[in-house]
Structures are given as structure tokens and as C-alpha cells.
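# Tertiary structure, described
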Amino acid sequence: MFRNQYDTDVTTWSPAGRLFQVEYAMEAVKQGSAAIGLRSKTHIVLGCVNKANSELSSHQKKIFKVDDHIGVAIAGLTADGRVLSRYMRNECINYSFTYESPLPVGRLVVQLADKAQVCTQRSWKRPYGVGLLVAGLDESGAHLYYNCPSGNYFEYQAFAIGSRSQAAKTYLERRFKNFSDSSRDNLVKDALMAIRETLQGETLKSSICTVAVVGVGEPFHILDQETVQQMIDAFEIVGEQEGPAAEPDAAAAAAAGQEAAAADQGGSTEEGVAPMDI
Amino acid sequence: MNFMASKQPENSLLGPEADSQRTLYPYVTGTSVVALKYKDGILMAADMGGSYGSTLRYKSVERMKPIGKHSLLGASGEISDFQEILRYLDELILYDNMWDDGNSLGPKEVHNYLTRVMYNRRNKFNPLWNSLVLGGVKNGQKYLGTVSMIGVNFEDNHVATGFGNHLARPILRQEWHENLSYEDGVRLLEKCMRVLLYRDRSAINKLQIAKITEEGMTISQPYSLKTYWEFSAFANPAQGAVGTW
């Protein structure tokens with residue numbers, strides 16, 4: 001995208017009917033490091049690439065627990081993500097207090113989207129520069145939503161956002177039809193494979209990624225480094241039989257093997273078409 | 001407009017002027033509500049009386065109402081406060097329906113919402129003068145709870161308000177069991193209501209029984225219980241104590 005005379009504030013339309021500030025906000029999401037999410041009927045897995053700036057520093061937190069039944073992975077301006085996570089936690093806890101019942105994910109997501117929309121219609125505000133993958137469990141099942149800076153939200157079977165997310169999306173597109181009936185462990189393995197796609201050949205280690213799970217009977221929690229590394233080891237090595245005792249179907253997943261990701265890269269911007277829905 | 005105004009801030013509850021702004025005592029009241037869980041859901045009974053002090057003034061007051069798809073609310077105490085609560089719940093259910101997203105507030109959620117409302121009003125020394133019974137079924141789960149005017153809330157297999165606590169609960173404790181049939185449940189409730197009719201001065205012999213199951217709620221037409229006054233002890237009450245009335 002190039003600078004133009006209609007992009008100074010969010011309350012100015014372009015003659016083509018675009019709000020450039022909102023589109024620029026979505027660009028910020030594309031520049032952030034990758035986050036992916038996928039779901040089965042009973043579980044949702046969130047994963048993200050977590051690279052520290054330098055060896056001396058710790059990495060940024062990109063996955064947040066919002067409630068026992070909801071978690072969120074972010075890509076883009078992590079500060080905006082942190083603030084929105086706090087809002088989500090607040091909404092959940094207030095609902096729980098009043099109704100002693102978990103807030104349905106679908107409603108939280110709409111509230112979040114409405115909050116984002118406000119920032120696209122006030123001259124003294126800017127849109128949030130963060131995309132959120134919201135994973136949550138409802139009475140009606142497992143859900144994965146993507147919330148955009150534009151104020152739109154969509155439900156997905158699987159999705160990836162952030163830089164080099166197209167590689168992960170291609171992987172997920174090939175496999176998503178099986179996710180519905182996948183076991184929890186297979187779902188996590190698919191998440192790790194998808195994360196690996198975004199790394200472009202770099203070795204997948206538990207130190208550079210974070211994985212979180214929520215499911216029926218399993219409150220939202222981030223898997224610890226050891227567990228993640230064990231799962232990586234279990235499928236990375238082709239033909240190797242049993243992984244650690246924790247993974248019973250490790251053998252089956254190891255046989256699935258590694259597939260070279262020949263997908264095209266980069267944050268793709270479609271020129272001429274207003275990318276209001278990603 | 002009195003410019004030599006009182007020294008208290010506008011929202012103070014102290015002082016005689018403020019008394020007209022908060023509930024001090026009830027005026028038109030309903031008496032006990034009794035409810036129990038049975039095989040398919042909840043059964044609730046309440047008479048149709050609205051007393052004005054010791055006068056049995058209104059005799060067609062419906063003290064049980066359906067709330068949304070899954071709940072049933074019964075109230076004793078101030079009738080106008082019950083109507084106010086129904087307005088709150090009407091708005092709550094309206095907004096719940098407006099989401100139009102397949103989620104709905106169940107009896108547990110409504111019960112907790114009411115607890116919050118009652119407790120918060122109590123904290124402001126301006127209570128809604130009611131004891132509420134909230135029952136319902138959602139996704140096969142039966143729920144029965146109660147909230148008082150001071151915000152005390154709990155769930156149980158059978159609950160009652162007012163005199164019902166003293167006269168009906170002991171009967172229910174003896175005779176209630178899991179998976180009562182509809183007929184047994186009604187029989188049990190009628191037994192409780194009959195005792196209340198004999199012994200509660202504010203009870204009238206015109207009651208309704210409401211049933212809520214997964215399928216929905218039904219409320220019976222008003223009817224009356226058969227009573228028996230020929231007990232020999234009543235025939236000559238002064239026999240045991242001369243001079244008594």
C-alpha cells in the first residue's frame with residue numbers, strides 16, 4: 001500500500017470506499033509473529049511463534065488465558081493485545097459473578113468486535129493494531145474465532161495470522177477436514193506442524209513456540225516447555241516408534257512424516273480490493 | 001424549592017425525608033410458595049391471595065410466572081416488588097433473546113442474577129420485600145433455588161417461603177424422594193398446601209400448581225382443596241381448658 005491523501009485519519013473515507021487507517025491496522029497484524037488456532041468438536045489448540053529479541057531477553061507473551069473456558073492468541077501490537085485481554089477477562093469475570101455461569105464465547109467475541117468498531121469511527125481514536133484468535137468452549141461446542149482490527153469477526157475451523165501465516169494456512173487447508181474428529185493429541189501435533197511451516201526451515205524447538213489447549217473437561221492452560229518438546233520430538237523423527245509415555249498415539253503421528261512446505265510466503269496484500277475480511 | 005436545604009447529601013438514607021424513598025414495610029403481600037423437584041422437572045404451588053395487612057383483599061393474584069424458556073419464578077411478600085422484579089427479568093430475557101445466538105439464560109443464571117439484585121438492594125437499605133423461588137430445567141438438568149429479601153440464596157430438592165418453611169418443609173423432608181412421579185408430586189404439594197391452609201392466617205383456599213419440564217411450563221387453573229373441619233378436637237375446643245376461646 002502506498003501513502004495517499006485519504007489515509008491521515010480513520011474518519012476519512014477514500015473515494016473507493018476504503019478506510020485506509022483500518023487497513024494499515026490490519027497490516028500491523030500481518031507484521032506480527034505468527035499465531036495459529038485449530039479446533040475439533042471437543043478441543044481447541046492455540047499456538048504461536050515466540051522469538052525473543054535477543055538472547056538476553058525473555059519473549060513476549062502472546063497467548064493469554066481469559067477464563068477457564070476461553071483463551072486468546074494475538075498477533076500484532078502486543079500492547080494492544082494485552083489491553084484487550086484485560087477487557088476480555090473483566091467481561092468474563094463479571095458475567096461469572098452475576099450469573100455463576102461461563103460467558104458464552106460467541107457473546108464475548110461480539111463485545112470485542114463492537115469495541116474494535118468504535119475505534120474505527122472516532123476521530124480521536126486509532127484502531128487496535130492486533131488480531132486475536134479467540135478459542136473457547138460453549139454449551140454449543142468448541143469455537144475458534146478471529147477478531148480483526150476492523151471490528152469484524154469470523155468463526156474458523158482452523159486459522160493462522162501474522163507473518164508467514166500463509167504457509168501455515170496452506171498446511172491447515174490441506175488437513176482441516178479431519179480436525180473435527182481429531183483426538184486432542186493429534187490436534188496439538190497438527191498445531192506444531194503448522195507452526196513449523198511458518199518457520200521456513202528453522203528447527204522447531206519448544207523454546208521458540210508456545211502452545212495452549214482448551215477442551216471438554218480441560219480448562220484453558222498453556223502447555224509447559226517440556227511437554228511441548230516431547231511432542232515435537234515424537235513426530236519430528238521419521239519412523240521412530242514410541243515417544244515418551246505421555247503420548248500414546250505418538251507412533252501414528254510420527255509415521256505421518258514431514259512434508260516440505262512449498263507454499264508462497266509473505267503478508268499478501270491484494271491491491272485494488274479492500275481487504276476488510278482476511 | 002427549599003434553599004435552606006438539609007445538611008445531608010441528596011443520596012443519604014438517613015433522616016425523615018429519605019424514608020419515603022425506601023421500603024420500610026410491605027403493604028400487599030402474598031404468603032407461602034412451596035416447590036419440589038420431581039422426575040421430569042419442578043412442581044411449584046402458591047395460593048392466589050394478596051393480603052392487605054390482615055385483610056384478605058385480593059383473591060386472584062398470580063404469584064408464579066414463567067421466565068424465558070427454562071425458568072419459573074414464584075414469590076411471596078410484597079406484590080408490587082414482585083411485579084418490579086418481573087419487569088427486571090423481562091428486560092433481562094429480552095436482551096438475552098436479542099443476541100439470537102443459540103445461547104439462553106437457564107434457571108441457574110436467572111437465580112444468580114436475582115441473588116445479585118436482592119443483595120444489592122439490601123445493602124442500600126432499600127430491599128425488594130420478597131422471598132423468591134426459582135425453578136427450571138435446562139439440558140436435562142433440574143434446578144430449584146430460593147432467594148430472600150436479604151440476599152440469602154441456596155438450592156435444594158425442595159424449598160418453601162415464609163410459613164412454608166415451618167409447616168411444609170418438615171413434611172417434604174419426610175416424604176420427598178428422588179424421581180417422584182407427577183401425581184405423587186402434586187399429592188405431596190397439596191398435602192403441604194392443605195396444612196398451610198389450616199394453619200396460616202393469610203392463606204386462602206384458591207391455589208395454582210405450576211409445572212416446568214424440558215418441554216416447557218404449564219400452570220393449572222385455580223382450584224381449591226377439600227378441607228375437613230369435623231375433627232372432634234374442634235367440636236368442643238373449650239373441653240380441655242374452660243374459658244378458652
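Residues numbered from 1 in each chain as written. Chains lettered and ligands numbered in written order. Predicted model: local features only at pLDDT ≥ 70, side-chain atom pairs only at ≥ 80, totals over all residues. Heavy atoms only, no water.

## Section: the overall build of chain A
On a plain count of helices and strands, chain A comes out with seven helices and ten strands. The buried share among the 278 residues of chain A stands at 51%. Accessible surface computed for chain A: about 12,800 Å², of which carbon and sulfur atoms make up 51%. (Helix = DSSP H or I, 4+ residues; strand = E, 2+ residues; numbered from the N terminus. Buried < 20%, exposed > 50% of the residue type's maximum accessible area, 1.4 Å probe, protein only. Areas by Shrake-Rupley, 256 points an atom, 1.4 Å probe, with all protein chains shown as cover.)

## Focus on the environment of D90 of chain B
Its place among the elements puts D90 of chain B in helix 2 (residues 79-99). Linking D90 of chain B and V152 of chain B, residues 62 residues apart in sequence, is a C-alpha distance of 23 Å.

## A short note on the UniProt feature "domain: Proteasome alpha-type subunits" (unreviewed entry) in chain A
Per the UniProt entry, the sites bearing "domain: Proteasome alpha-type subunits" (unreviewed entry) are residues 6-28 of chain A in this numbering. Taken end to end, residues 6-28 of chain A comprises 39% helix and 0% strand; its first and last C-alpha atoms sit 18 Å apart. (UniProt positions renumbered as here; feature names shortened; annotations may be inferred.)

## Some points on the layout of surface pockets
Reported here for the largest pocket is a volume of approximately 630 Å³. Around the largest pocket, the lining comprises 29 residues; the ones closest to its centre are S101, P102 and E139 of chain A together with E109 and K138 of chain B. Listing elements by their share of the lining of the largest pocket, those giving two or more residues are strand 5 (130-138) of chain A together with helix 3 (107-123) and strand 9 (141-147) of chain B. Residue composition of the lining of the largest pocket, by class: ten nonpolar, nine polar and ten charged. (1 Å grid on protein atoms, 1.4 Å probe; cavity = no way out; pocket = protein on both sides within 12 Å on 5 of 7 lines; lining within 4 Å. Points joined across faces, edges and corners; volume = space filled by probe spheres on them. Nonpolar A, V, L, I, M, F, W, Y, C, P; charged D, E, K, R; others polar.)

## Side note on the sheet that holds strand 2 (residues 43-49) of chain A
The pairing of strands in a sheet comes from backbone hydrogen bonds and takes either a parallel or an antiparallel form. Residues and elements named next belong to chain A. On the basis of which strands lie adjacent, the open sheet formed by five strands has the order 8-1-2-9-10 and antiparallel pairing. Looking at the sheet topology across the chains shown, the edges are occupied by strand 8 (158-161) and strand 10 (218-222). Here the strands of the sheet are splayed against their neighbours by 10° on average, with no regard to which way each runs. Summarising the sheet, strand 1 (residues 35-39) and strand 8 pair through four bridges and their orientation is antiparallel. Paired with A35 across the bridge in strand 8 is I161. Together, strand 1, strand 2, strand 9 (209-215) and strand 10 form the strand contacts of helix 5 (residues 184-198), whose direction differs from that of strand 2 by roughly 25°. (Pairing = 2+ DSSP bridges. Axes fitted to C-alpha atoms, helices over the stretch in contact; angles between N-to-C directions. Contact = heavy atoms within 4.5 Å.)

## Regarding the interface of chain A and chain B
Opposite the 13 residues of chain A that make contact, chain B presents 14 residues. Interface of chain A and chain B: buried area, both sides summed, is about 1,200 Å²; carbon and sulfur atoms make up 49% of it. Interface area lost by chain A to chain B is led by Y99, R107 and E139 of chain A, which between them contribute 51%. The interface formed by chain A and chain B includes three salt bridges. When residues of the side of chain A that touches chain B are traced back to their parent elements, those giving at least two are helix 2 (78-99) and helix 3 (105-118) of chain A. At four residues, the largest contribution of residues to the side of chain A that touches chain B is made by helix 2 of chain A. Class assignment for the residues of the side of chain A that touches chain B results in five nonpolar, four polar and four charged. (Buried area = accessible area lost by both parts, 1.4 Å probe. Salt bridge = Lys/Arg side-chain N within 4 Å of Asp/Glu carboxyl O.)

## Some remarks on the packing of helix 2 of chain A against helix 3 of chain B
At their nearest, the axes of helix 2 of chain A and helix 3 of chain B sit 6 Å apart, and the two run at 90° to each other. By the angle between their directions, the pair helix 2 of chain A and helix 3 of chain B is classed as roughly perpendicular. Between helix 2 of chain A, through F97, T98 and Y99 of chain A, and helix 3 of chain B, the contact on the second element is made entirely by K108, E109, N112, Y113 and R116 of chain B. Split by residue class, the contact of helix 2 of chain A with helix 3 of chain B holds three nonpolar, two polar and three charged. (Parallel < 35°, antiparallel > 145°, perpendicular 65-115°, else oblique.)

## Overview of unusual backbone geometry
Residue and element names in this part refer to chain B. In this structure, F125 is a non-glycine residue whose phi angle is positive, near 60°. By the element assignment, F125 lies in the loop between helix 3 and strand 8 (130-138). By relative accessible area, F125 is classed as exposed at 58%. Located in the positive-phi region is N139, a residue other than glycine, with phi close to 50°. Classification of N139 as exposed rests on a relative accessible area of 57%.

## Quick word on the pairing of strand 3 (residues 41-47) of chain B
Residue and element names in this part refer to chain B. Counting buried positions along strand 3 yields seven of seven residues, so the element is predominantly enclosed. Pairing analysis gives six bridges linking strand 2 (residues 33-38) to strand 3, with the strands arranged antiparallel. For L36, the partnering residue across the bridge sits in strand 3 and is L43. Connecting strand 2 to the antiparallel partner strand 3 that follows it, the hairpin turn spans two residues.

## Thoughts on the sheet that holds strand 5 of chain A
All names here are of chain A. Strand order in the open sheet formed by five strands is 3-4-5-6-7, with antiparallel pairing between adjacent strands. Because the sheet does not close on itself, it has two edges, and the strands there are strand 3 (63-67) and strand 7 (153-155). Here the strands of the sheet are splayed against their neighbours by 25° on average, with no regard to which way each runs. Where strand 4 (residues 70-76) meets strand 5, seven bridges bridge the pair, whose relative direction is antiparallel. Residue pairing across strands places A73 opposite L133, the latter belonging to strand 5. Against the sheet, helix 2 touches strand 3, strand 4 and strand 5, its axis set at about 15° to strand 3. Packed onto the sheet, helix 3 meets strand 3, strand 4, strand 5, strand 6 (141-147) and strand 7 and runs at close to 160° relative to strand 5.

## A word on helix 6 (residues 182-199) of chain B
Residues and elements named next belong to chain B. Compared with an ideal rise of 1.5 Å per residue, which puts 18 residues at 26 Å, helix 6 spans 26 Å between its outermost C-alpha atoms and is within 8% of the ideal. Regarding helix 6, the residues found buried are G185, V186, L188, L189, E190, C192, M193, L196 and L197. As for helix 6, its buried residues are in contact with strand 2, strand 3, helix 4 (163-167), helix 5 (169-175) and strand 12 (207-213). (Expected span 1.5 Å × (residues − 1).)

## Let's talk about the side chain of T120 of chain A
All names here are of chain A. Counting through the fold element by element, T120 comes out in the loop between helix 3 and strand 5. In this structure the side chain of T120 is engaged in a polar contact, spanning 2.6 Å, whose partner is the backbone oxygen of Q117. With sequence-adjacent residues up to four places away left out, T120 is seen in contact with V10, L19, V22, P149 and S150. (Polar contact = N/O pair within 3.5 Å; in protein donor to acceptor, adjacent residues only side chain to side chain.)

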